[in-house]
Amino acid sequence: LMLIDGWGEDCRPRGACCLAQAGCQEDLLEADCLAIGGDWQGDESQCITSNCPELGACCLTDGSCLEDILPESCEDLGGLPLSGGQNCDDCPLMTDTCADAGQITEGEVFFDTRLATTDGPIDPECAYYDEGEIGNDIWAIYSPAVDGTLVLSTCGTADYDTDLAIYDGIDCTQPVILDCNDDFEDCSDYSSYLEIPVFSFNQYLIRIGGWEEGTVGTGTLLIELLQDK
């Protein structure tokens, strides 16, 4: 006891502490953790395995994003919390309403319809096994820099049965359908593919959803412009 007292040793168990707001602190006594409003994880526990809540980005269905928010608070706002060091730049395309649609460019765009509602029209031209409804849809605006053929594809890159549609202009009240696709014959898992001529600096609405209400998931949308020669 005299030696322990002289060395200043403390044999009481220590471990990780999930902090009240967010984050984690290691090597704390249980009493000290509780004193700061934390949740002690047990003797010899470590932060790396404690799964303590961390502040992170919150992607919202109006296309906006909040930084430094708890996952639970993000979900209360109806948003999608990001973790693992991700920030607002990592938010998928998930703009729920046509009126909130933002601009996108060529490339591969990750999208997520799990939080989406259905606000677009029923297009009889898109009727396959349903009446032309695209369920749980999300929206974006595309404007090509040159004339060409626009390729839109979820072919083999989505985890659910997608529908794709493109409209001329950005009038959300009476959108003019140009083309749509439900299941492309060469694409797996009922994914979609379409090609359509587009003209420089025109604006187009792109709509991604499911083949019926309640069919939702994630995937990657390929946006490719094949320039006219």
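Just above, that's the structure.
Predicted model, so just to flag it, every value in this text is computed and none were measured. (Residues numbered from 1 in each chain as written. Predicted model: local features only at pLDDT ≥ 70, side-chain atom pairs only at ≥ 80, totals over all residues. Heavy atoms only, no water.)

Visitor: When you look at the pattern of salt bridges in this model, what are you seeing that I'm missing?
Guide: Between side chains of opposite charge, a pair can form when the charged atoms approach closely. Tallying each qualifying case throughout the model produces three salt bridges. Residue D137 pairs with R207 through a salt bridge whose shortest N-O separation is 2.9 Å. With D137 in strand β9 (residues 135-142) and R207 in strand β14 (residues 204-210), this pair connects stretches of sequence that are 70 residues apart. The exposure class assigned to R207 is buried, which follows from its relative accessible area of 0%. Salt bridges sharing common partners tie together D123, D137 and R207. (Salt bridge = Lys/Arg side-chain N within 4 Å of Asp/Glu carboxyl O. Helix = DSSP H or I, 4+ residues; strand = E, 2+ residues; numbered from the N terminus. Buried < 20%, exposed > 50% of the residue type's maximum accessible area, 1.4 Å probe, protein only.)

Visitor: What exactly am I supposed to notice about the environment of D168 here?
Guide: With respect to the helices and strands, the residue D168 is situated in strand β11 (residues 162-168). Sequence separation between D168 and P53 is 115 residues; the distance between their C-alpha atoms is 44 Å. With sequence-adjacent residues up to four places away left out, D168 is seen in contact with V176, L178, Q203 and Y204. (Contact = heavy atoms within 4.5 Å.)

Visitor: Is there a simple way to think about the sheet that holds strand β4 (residues 56-59) in this case?
Guide: Strand pairing in a sheet relies on backbone hydrogen bonds. The paired strands run either parallel or antiparallel. Reading across the sheet, the three strands line up as β5-β4-β6 and stay open at both edges, with antiparallel pairing between neighbours. Only two strands of the sheet have a single neighbouring strand rather than two, namely β5 (65-69) and β6 (80-81). (Pairing = 2+ DSSP bridges.)

Nothing here speaks to function; it is all geometry.
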